[in-house]
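Each chain is listed here by its residues.
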Amino acid sequence: SRSYGILFRVRTASRAAAVRILGMDIYASSPNEELQYEIWTKEGSWRGYEGNITAFEKIAEGIVVSKGECVSNEAAKGPTKMRCELTSLPWEEFEAVSVSGGGGSR
């Protein structure tokens, strides 16, 4: 089987202005683990482009050490009772991207 990583869509509301994405945080379940990452994007939906790397533009890559620590959070509601620390990807390794307003997506 092929893995394409995690695919998701960022979309603005129909009456919203453009949004600029300047960075990203990730969660890894193991603390102090060296993680290699790549972030790719494309204008519009990714659906139908799975596996077609030429349709995407790489905007970040590098290696980070995960924080990944979770602690009990008694105030949490819903199925999870844990609060987990996110690992920020270095902003200097991230090429900012814009999502058009008025229902634009990336």
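Residues numbered from 1 in each chain as written. Predicted model: local features only at pLDDT ≥ 70, side-chain atom pairs only at ≥ 80, totals over all residues. Heavy atoms only, no water.

**A short note on the overall build of the chain**
Link 1 in the chain: What the chain contains, in helices and strands, is zero helices and eight strands.
Link 2 in the chain: When the elements of the chain are put in sequence order from the N terminus, they spell out β-β-β-β-β-β-β-β.
Link 3 in the chain: Sorting the 106 residues of the chain into buried and exposed places 24% on the buried side.
Link 4 in the chain: Nonlocal contacts in the chain, meaning residues at least 24 apart in sequence, comprise 68% of its contacts between residues at least 6 apart.
Link 5 in the chain: Carbon and sulfur atoms provide 50% of the accessible area of the chain, an area that totals close to 7700 Å². (Helix = DSSP H or I, 4+ residues; strand = E, 2+ residues; numbered from the N terminus. Buried < 20%, exposed > 50% of the residue type's maximum accessible area, 1.4 Å probe, protein only. Contact = heavy atoms within 4.5 Å. Areas by Shrake-Rupley, 256 points an atom, 1.4 Å probe, with all protein chains shown as cover.)

**A short note on unusual backbone geometry**
Link 1 in the chain: Despite not being glycine, Asn-32 has its phi angle at roughly 55°, a positive value.
Link 2 in the chain: The topology assignment puts Asn-32 in the loop between strand 2 (25-26) and strand 3 (34-41).

**What about the side chain of Thr-87?**
Link 1 in the chain: Relative to the elements of secondary structure, Thr-87 occurs in strand 7 (residues 87-88).
Link 2 in the chain: Here the side chain of Thr-87 touches Lys-67 through a polar contact of 2.8 Å, landing on its backbone nitrogen.
Link 3 in the chain: Here Thr-87 is in contact with Met-24, Asp-25, Ile-26, Val-64, Val-65, Ser-66, Lys-67 and Gly-68, once residues within four sequence places are set aside. (Polar contact = N/O pair within 3.5 Å; in protein donor to acceptor, adjacent residues only side chain to side chain.)

**A short note on the pattern of salt bridges**
Link 1 in the chain: This model, assessed by the stated rule, comprises three salt bridges.
Link 2 in the chain: Across the pair Glu-38 and Lys-58 runs a salt bridge whose closest N-O atoms are separated by 3.8 Å. Of this pair, Glu-38 sits in strand 3 while Lys-58 is found in strand 4 (residues 57-65), placing the two residues 20 residues apart along the sequence.
Link 3 in the chain: On the basis of relative accessibility, which here comes to 44%, the residue Glu-38 falls in the partly exposed class.
Link 4 in the chain: On the basis of relative accessibility, which here comes to 30%, the residue Lys-58 falls in the partly exposed class. (Salt bridge = Lys/Arg side-chain N within 4 Å of Asp/Glu carboxyl O.)

**Quick notes on the packing of aromatic side chains**
Link 1 in the chain: In this structure the tally under the stated criterion is zero aromatic pairs.
Link 2 in the chain: Cation over ring: Lys-42 sits above Tyr-49, and NZ or CZ is 4.2 Å from the ring centre. (Phe/Tyr/Trp six-rings, centres within 6.5 Å; stacked < 30°, edge-to-face > 60°. Lys NZ or Arg CZ within 6 Å of the ring centre and 35° of its normal.)

**Section: the nonpolar core**
Link 1 in the chain: Ile-21, Ala-28, Leu-35, Tyr-37, Ile-39, Ile-59, Ala-60, Val-64, Leu-89, Phe-94, Val-97 and Val-99 together form the largest nonpolar core, which totals 12 residues.
Link 2 in the chain: What Leu-35 contacts, discounting residues up to four positions off in sequence, is Ile-26, Ala-28, Gly-62, Ile-63, Val-64 and Ser-66. (Core = buried A, V, L, I, M, F, W, Y, C linked by side-chain atoms within 4.5 Å.)

The values reported here are purely geometric and, on their own, carry no functional implication.
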